[in-house]
Amino acid sequence: MLAYTGPMKIFSGTANRKFAEDICKCLDMPLGEITIGKFSDGEINLSVEETVRGYDVYIIQPTCNPTNDNLMEVLIMVDAFKRASAGRINVVIPYYGYARQDRKTKAREPITAKLVANLIEKSGADRVITMDLHAGQIQGYFDIPVDHLSAIKPLADFFKDELKDEDKKDMVVVSPDLGGVTRARNFSNYLDLPIAILEKRRPRPNVSEVMNVIGDIEGKTCIIVDDIIDTAGTITNAANALIAKGAKKVYITATHGVFSGKAIENIANSKVEKCVVTDTIPQEKNLGGKIEVVSVAQYFAKAIDRINNNRPVSMLFDGR
């Protein structure tokens, strides 16, 4: 249990209240009182039910589905706390929506990740705390401090326990594409395992074809590591391709389980042994037998505790 020593209050939006409650349990403090509703035309209406004047305020809100409503809720909350004379306004976004639109890939496309950063900053936020951004350069889209946490340790610890009876020489961490090599390397370093890389092409969004496997996966237990599982089409295709190319078993893991469309069905019908995600996004109760959720609330609690007490948080960036 962590102790806090400054004037601090934590509030939650409607996106993942349980996650905020878990953070407050770790810090042994109550969740702040705020009423959030909607007018009859769908506009968001909120009221902060306790004083925040001079307090270090933390707003817990992932911008997951419904993304636009949750994002707008964050902006309105920041504005409310700013006008209520809060000391520092810290926006805790466990899952940063729109992160996949981080650059132009063809003419006349928006860079929505930058637009969202502008909106958060302009609303009056003093700091952003997030986890495993889809693209690390999004930190540079902000002109305010960004604390970028990592889920490597909790996810890797799960597999340490899950695969403790397996010989390390029969295990390999797999990057689902060339862009994810750094993530896979960090994960493999924590488990002291070799890595392999999938070379694939994307004929259209959420669709991929595995062209080649770089590395030895023959007869191995593979762990595919990614940051987001959305429709699960790409990652389950990768798992099925690994099995077809001689892998013994395939596990998949990612920080953010978006699980849109037929994702849960895709995972259930695939060759995947188990899918492991964190609780940055709230999950349905019925996820099927293959999906497990690991909590990262304690890591956010540690970050909040350190920031509130002006202590370094760099030790949390790589999952140590």
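Residues numbered from 1 in each chain as written. Predicted model: local features only at pLDDT ≥ 70, side-chain atom pairs only at ≥ 80, totals over all residues. Heavy atoms only, no water.

Let's talk about the overall build of the protein
Secondary structure assignment for the protein yields eight helices and 14 strands. For a compact globule of 320 residues, the expected C-alpha radius of gyration is about 20 Å, and the protein comes in at 20 Å, within 12% of that figure. Seen through its C-alpha atoms, the protein measures out along the principal axes to roughly 60 × 45 × 35 Å. Taking all 320 residues of the protein together, 52% fall into the buried category. Contacts spanning at least 24 positions in sequence make up 64% of the contacts within the protein whose residues lie at least 6 apart. Charged side chains in the protein number 41 positive and 42 negative. The centres of these two groups are separated by 3 Å. (Helix = DSSP H or I, 4+ residues; strand = E, 2+ residues; numbered from the N terminus. Rg over C-alpha atoms; globule rule 2.2 N^0.38 Å. Buried < 20%, exposed > 50% of the residue type's maximum accessible area, 1.4 Å probe, protein only. Contact = heavy atoms within 4.5 Å. Lys, Arg positive; Asp, Glu negative; His and termini not counted. Charge placed at Lys NZ, Arg CZ, Asp CG, Glu CD.)

Considerations on the UniProt feature "active site" (unreviewed entry) in the protein
In the numbering adopted here, UniProt assigns the feature "active site" (unreviewed entry) to Lys-200. With respect to the element layout, Lys-200 can be found in strand S9 (residues 195-204). (UniProt positions renumbered as here; feature names shortened; annotations may be inferred.)

A look at the packing of aromatic side chains
All chains considered together, the criterion is met by six aromatic pairs. Measuring from centroid to centroid gives 4.8 Å for Phe-11 and Phe-81, while their planes differ by 45°, and the two rings are tilted. Taken together, the residues span a long stretch of sequence, with Phe-11 in strand S1 (residues 8-12) and Phe-81 in helix H2 (residues 67-83) at a distance of 70 residues. For the pair formed by Phe-11 and Phe-81, the shared burial category is buried. Where Phe-159 meets Phe-187, the ring centres are 6.3 Å apart and the plane angle is 75°; that geometry is what we call edge-to-face. Of this pair, Phe-159 sits in helix H4 (residues 152-162) while Phe-187 sits in helix H5 (residues 181-191), and the two are 28 residues apart along the sequence. Neither Phe-159 nor Phe-187 differs from the other in exposure class; each is buried. Joined through ring pairs, the aromatic side chains of Phe-158, Phe-159, Phe-187 and Tyr-251 make up one cluster. (Phe/Tyr/Trp six-rings, centres within 6.5 Å; stacked < 30°, edge-to-face > 60°.)

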